[in-house]
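# Secondary and tertiary structure notes
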Amino acid sequence: QVQLVESGGGLVQPGGSLRLSCTASRRIIGSYDMGWYRQAPGKQRELVAAITRIGNINYADSVKGRFTISGDNVKNMVYLQMYSLKPEDTAVYFCNQWTYWGQGTQVTVSS
């Protein structure tokens, strides 16, 4: 099976920025949806941002104007640029490409 690996998480102060990356261990052939999800303590997993296989982009209302998703399902890579981070953005962020999921990368926003 394909393994997805996320990177770029860490500890930042409120107002800071991070760029998350997701790469696949082997090629995924075809056009497919890709995106980022997150799960905070005590909460359900939620969609952060996604790019559909036809190029539509969706963002959670809470991140609109602050986060930007980009990706390439030929290169099997997806990114999430995060600006103006808030404490409520603290969560484990998971990458999704087609039917595959990464193990998550921790993002902590705290003073």
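Whatever comes next refers back to the structure up there.
Attention in this report is confined to the structure presented alongside it. Residue indices begin from 1 for each chain and proceed along its sequence in written order. With the structure being a predicted model, the display of local features is reserved for residues of pLDDT at least 70 and the display and counting of side-chain atom pairs for 80 or more, all residues being used for whole-chain, interface and lining totals. Excluding hydrogens and water, the side-chain figures rest on all heavy atoms present in the structure.

### Comments concerning the overall build of the chain
Note the following rule: Strands are runs of DSSP state E lasting at least two residues, helices are runs of H or I lasting at least four, and both sets are numbered from the N terminus onward. As defined in this context, the radius of gyration uses C-alpha atoms, and a globule is described by 2.2 Å times the residue total to the power 0.38. Buried means the residue's accessible area, taken with a 1.4 Å probe over protein chains only, is under 20% of the maximum for its type, while exposed means over 50%, and partly exposed covers the values in between. We call two residues in contact whenever any of their non-hydrogen atoms come within 4.5 Å of each other. The accessible surface values rely on the Shrake-Rupley method and a 1.4 Å probe; as for residues, cover is taken only from the protein chains in view. All tallies of charge rest on Lys and Arg as positive and Asp and Glu as negative; His and the ends of each chain are not included. To locate a charge, take atom NZ for lysine, CZ for arginine, CG for aspartate or CD for glutamate.
Regarding its fold elements, the chain presents zero helices and 11 strands. Counting from the amino terminus, helix and strand elements in the chain follow one another as β-β-β-β-β-β-β-β-β-β-β. For a compact globule of 111 residues, the expected C-alpha radius of gyration is about 13 Å, and the chain comes in at 13 Å, within 12% of that figure. For the chain, the residues scored as buried account for 41% of the 111 residues in total. Sequence-distant contacts in the chain: of pairs separated by 6 or more residues, those separated by 24 or more amount to 53%. Counting every atom, the chain has about 6,200 Å² of accessible surface; 48% of that belongs to carbon and sulfur. Between the averaged position of the 11 positive side-chain charges in the chain and that of its 7 negative side-chain charges there is a distance of 4 Å.

### Digging into the environment of alanine 24
Mapped onto the fold, alanine 24 is located in strand E3 (residues 18-24). Alanine 24 gets classed as partly exposed once you look at its relative accessible area, which sits at 22%. Beyond its immediate sequence surroundings of up to four residues, alanine 24 is in contact with Val2, Gln3, Leu4, Asn76 and Gln97.

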